[in-house]
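Tertiary structure, described
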Amino acid sequence: MKAVLLLVAVLAALAAGRPCAPDHDEITLKLNKELLRSTEEPDSLPNPSVHIALRLSTQHNLNKEGQHLNQLKTKLHQDIQSSLVARQMVVGRLALYILALRSSCHDLNSLTLSDGKTSEPLLTHLKRQMEKEKEHIAFSHRPLTNYYQYSLGVLALCVSGVRVSSHVSHKLVHAVQHGLIKHGDSLCIDSHAMAGMALQCLKDAGTPMKNVEELDKALATIKQKLLNSQRTDGHLGNEFSTGLAVQALLAMGSSVMECSTSMEALRSDARKGSYHNAMAISQTLPALQQRSYLQLKSMECRDEDDTLVLDAAPVVEVLPSLTNVPVQVEVLKADGSSSEYKFEVPSGSSLLEVLTLLQDHQMGFTFEKEDSLWGPFLSQVNREQARQTDRRYWHLSSNGNSLTQGIKDYKIEEAQKITIKNTAY
Ligand code: B12
């Protein structure tokens, strides 16, 4: 009897075009609640990517989403303005901010940003930043930031109904066709996914292009690269790029069945608890709900569900670890010189805790970090900076395998050798 009921449920889900996993709704609800809870963290900068995912979701808590929108309009707005005054590039953050405002159907023209001299609408600033990026690409074959942010910029302009200059879009098409979109020195699935959504938006909008055939070719190349990146466990790229890759495939017209092994890979990692970083959830949840950033264009914000409630915050009791594990930390500087540190840490420590212990024990090790939407980014080790302006960063690996998480999220469960290498990209 049970088997028959399960079969009926699966067939009903298939008929409704929904992915067939009995715990699908439970998984998405849990992620949705975690995302909403993350907006209550008092100290951190409000995250526009989190807002977009909350707004794209099928379930809402309209009061809390409204409060979050207000925080974006004050704290994030101020943060972007300070960067503009300091003449720093803000393409990615500004694009995400615009997409977040769009996701709440906020009138974009009612907000302005000042660069210290004049106050202008957000979209005017974004257009100007994209011009700077475009000129930098023409001059040095890469954006000032990266192609992920360049794509976000194109997407935000397009979703807001602004005409994107054919020179700007052509630079993205060219980068796709010439394999210029990388993460470190490997192919970047996340950036290809974002480029796919941006170019699909331009295609749907009938944006005049230098060469329409080239746009179609670039979209086909992206789709192929995303599909080719599938691992045996179903993930596209890795567990943190699959959400964006599925979103892009959906936006580019793939049916959910085509994505179903990737959908199952996402659910499988969600069950394991891999998505606890709010940024990771914000890129995964829309995909699990078969939504993509492209849908922000047609958001109407009318007759929305308002049933999402947060239960009391769970009390997490952190028990001290009873076992210690030996860790070796190797630092490789830009000139090739190396230093090694060996010691023991409680099992389950984050790499950030390990580095802090190492620094506190005054073994000559020092480090500094910078805040980002993903958490702390390791920026300086043993007084050497790996600057993004010099196209360098501290690459992290464990026993020779590149880490797929940053210093705060990566946990040391067993003996290993961590290598921190000043790397050019
Ligand atoms: C571009 C990029 C980079 C560039 C950033 C510099 C640049 N100017 O291009 C470089 C190559 C340096 C880089 C490095 C790393 N990256 Co990276 N990166 C990205 C990418 C493609 C876009 C980030 C971006 O511009 N976002 C838009 C702006 C608006 O947001 P932002 O927060 O202000 O952006 C800054 C931070 O994201 C920061 N950053 C970049 N990567 C990472 C990773 C971590 C863990 C942190 C805390 C910050 C951080 O650099 C951005 C530019 O200043 C994302 C893809 C994604 N899905 O988000 C991956 C991504 C964030 N990176 C990732 C990883 C794993 C790393 C590394 C840890 C790899 C490694 N083994 O060393 C290192 C970071 C090590 C360190 N020193 O702390 C993962 C993070 C997954 C996770 N759960 O934490 C992602 C999601 C890619 C993936 N699918 O695996 N990255």
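Preceding this paragraph is the structure being described.
Here's what I pulled together on the structure shown here. (Residues numbered from 1 in each chain as written. Predicted model: local features only at pLDDT ≥ 70, side-chain atom pairs only at ≥ 80, totals over all residues. Heavy atoms only, no water.)

Okay, the pairing of strand β9 (residues 377–381) next. In terms of burial, β9 is a largely internal element, four of the five residues being buried. Bridge count for strand β8 (residues 367–370) against β9 is four bridges, and the pairing is antiparallel. Considered in β9, the bridge of Phe 367 is made with Val 381. As consecutive antiparallel partners, β8 and β9 are separated by six residues, and within that stretch Gly 375 has a phi angle of approximately 115°, a positive value. Pairing analysis gives two bridges linking β9 to strand β10 (residues 384–385), with the strands arranged antiparallel. In the strand pairing of β10, Val 381 is matched with Glu 384. As consecutive antiparallel partners, β9 and β10 are separated by two residues, and within that stretch Asn 382 has a phi angle of approximately 45°, a positive value. (Buried < 20%, exposed > 50% of the residue type's maximum accessible area, 1.4 Å probe, protein only. Helix = DSSP H or I, 4+ residues; strand = E, 2+ residues; numbered from the N terminus. Pairing = 2+ DSSP bridges.)

Next up on the list: the environment of Asp 43. The topology assignment puts Asp 43 in the loop between α2 (24–38) and α3 (48–56). Residue classification places Asp 43 among the exposed residues on the basis of a relative accessible area of 78%. Each C-alpha atom of the pair Asp 43 and Ala 95 lies 23 Å from the other, and the pair is 52 residues apart in sequence.

Attention now goes to the state of the cysteines. The final tally for this structure, using the stated rule, is two disulfides. Disulfide pairing is shown between Cys 105 and Cys 301; the S-S distance is 2.0 Å. In this structure, the disulfide formed by Cys 105 and Cys 301 twists by about 85° around the S-S bond and is classed as right-handed. With Cys 105 in the loop between α5 (91–103) and β1 (112–114) and Cys 301 in the loop between α13 (278–288) and β5 (324–332), this residue pair connects regions lying 196 residues apart in the sequence. We classify Cys 105 as partly exposed; its relative accessible area is 29%. The partner cysteine of Cys 158 in its disulfide is Cys 201, sulfur to sulfur 2.1 Å. Every disulfide takes its handedness from the sign of the S-S torsion; for Cys 158 and Cys 201 that torsion is -95°, giving left-handed. (Disulfide = S-S within 2.5 Å.)

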